[in-house]
Amino acid sequence: MAFSNDAKPTTFVASTDMRSHQNGIVDLTTTDHKIDMAAAGGAIGILINNPNAGEHAAVAIEGIALVRVGLAVTAGDIITSAATGWGTDVTSGAAQWVVGRALTAAASGMLTEVDINIHRVNTGAG
């Protein structure tokens, strides 16, 4: 069951089988209203259900939701997407979409609470 705390979900369509990707970070595809697991540095929100391809995908775009992380994070870390669609902390050297800020610490493979605040950052020099 998905955890959310006043999370504001919106509905998209899963472009692929996402039944094992609940709590992952998702991004838009090039097809209207379709989403897939986010590539590194991408984000439109957090998947809060587990849809198969073509089914409705509930995506938290505001509020607090759980994100599975691909490496250890601490409370206060700024979270973006790793290539797997799992959360990771923002790294320097590239423009990337931020999904929000970790409210709790979590080890790799675990869930952390994230205060969702989607925005783009550029951490590169110049």
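Up top is the structure.
Below is a short write-up of the structure. (Residues numbered from 1 in each chain as written. Predicted model: local features only at pLDDT ≥ 70, side-chain atom pairs only at ≥ 80, totals over all residues. Heavy atoms only, no water.)

## Overview of the overall build of the protein
Reasoning step 1: Broken down by element type, the protein carries zero helices and nine strands.
Reasoning step 2: Going from the N terminus to the C terminus, the protein shows its helices and strands as β-β-β-β-β-β-β-β-β.
Reasoning step 3: On C-alpha atoms alone, the protein measures out to a radius of gyration of 13 Å, which is about the 14 Å that the 2.2 N^0.38 rule sets for 126 residues.
Reasoning step 4: Each principal axis of the C-alpha atoms in the protein carries an extent, and together these give about 40 × 30 × 25 Å.
Reasoning step 5: Out of the 126 residues in the protein, the part that is buried amounts to 34%. (Helix = DSSP H or I, 4+ residues; strand = E, 2+ residues; numbered from the N terminus. Rg over C-alpha atoms; globule rule 2.2 N^0.38 Å. Buried < 20%, exposed > 50% of the residue type's maximum accessible area, 1.4 Å probe, protein only.)

## Some remarks on the packing of aromatic side chains
Reasoning step 1: In total, this model carries zero aromatic pairs according to the counting rule given.
Reasoning step 2: For the cation-ring pair, arginine 68 lies above tryptophan 86, with the distance from its terminal atom to the ring centre recorded as 5.9 Å. (Phe/Tyr/Trp six-rings, centres within 6.5 Å; stacked < 30°, edge-to-face > 60°. Lys NZ or Arg CZ within 6 Å of the ring centre and 35° of its normal.)

## Brief notes about the nonpolar core
Reasoning step 1: Ile25, Ile46, Ala60, Ala65, Ile79, Val99 and Val114 are the most contacted members of the largest nonpolar core, which totals 17 residues.
Reasoning step 2: For this core, the elements supplying multiple residues, two or more each, are β5 (56-68), β8 (95-102) and β9 (111-122).
Reasoning step 3: Element by element, the count of residues in this core is highest for β5, at three residues.
Reasoning step 4: Once residues lying within four places of it in the same chain are set aside, the contact partners of alanine 60 are Ala7, Lys8, Pro9, Gly45, Ile46, Ile48, Ala65 and Ile116.
Reasoning step 5: Core analysis: the next-biggest nonpolar cluster, separate from the first, contains nine residues, Met18, Met37, Leu47 and Val59 among them. (Core = buried A, V, L, I, M, F, W, Y, C linked by side-chain atoms within 4.5 Å. Contact = heavy atoms within 4.5 Å.)

## Describing the side chain of threonine 88
Reasoning step 1: Within the fold, threonine 88 resides in strand β7 (residues 87-89).
Reasoning step 2: Taking the relative accessible area as the measure of exposure, threonine 88 reaches 12% and is therefore buried.
Reasoning step 3: Residues within four places of threonine 88 in sequence aside, it is in contact with Leu71, Ile78, Ile79, Thr80, Ser81 and Ala82.

## With respect to the side chain of serine 81
Reasoning step 1: With respect to the element layout, serine 81 can be found in strand β6 (residues 78-81).
Reasoning step 2: In terms of polar contacts, serine 81 uses its side chain to reach the backbone carbonyl oxygen of alanine 39, at 3.3 Å.
Reasoning step 3: With residues up to four places along the chain from it excluded, the contact list for serine 81 reads Ile25, Ala38, Ala39, Ala40, Gly41, Gly42, Trp86 and Thr88. (Polar contact = N/O pair within 3.5 Å; in protein donor to acceptor, adjacent residues only side chain to side chain.)

## So, the pairing of strand β3 (residues 34-37)
Every other side chain in a regular strand lies on the same face of the sheet, so the side chains alternate between the two faces.
Reasoning step 1: Pairing geometry for strand β2 (residues 25-28) and β3, over three bridges, is antiparallel. Note on β3: the bridge partner recorded for valine 26 is methionine 37.
Reasoning step 2: Between β2 and β3, which pair antiparallel one after the other, the connecting turn spans five residues, and histidine 33 there sits at a positive phi close to 60 degrees. (Pairing = 2+ DSSP bridges.)

## Things to note about the pairing of β2
Reasoning step 1: Strand direction decides the pairing type here: β2 and strand β4 (residues 45-47), joined by two bridges, are antiparallel. Counted as the bridge partner of isoleucine 25 is isoleucine 46 from β4.

## Overview of the environment of valine 59
Reasoning step 1: Looking at the element boundaries, valine 59 is found in strand β5.
Reasoning step 2: Taking C-alpha positions, valine 59 is 9.7 Å from aspartate 27, a pair spaced 32 residues apart along the chain.
Reasoning step 3: For valine 59, the residues in contact, after removing those within four places along its chain, are Lys8, Pro9, Thr10, Phe12, Val26, Ile35, Gly45, Ile46, Leu47 and Ile48.

Structural measurements only, silent on function.
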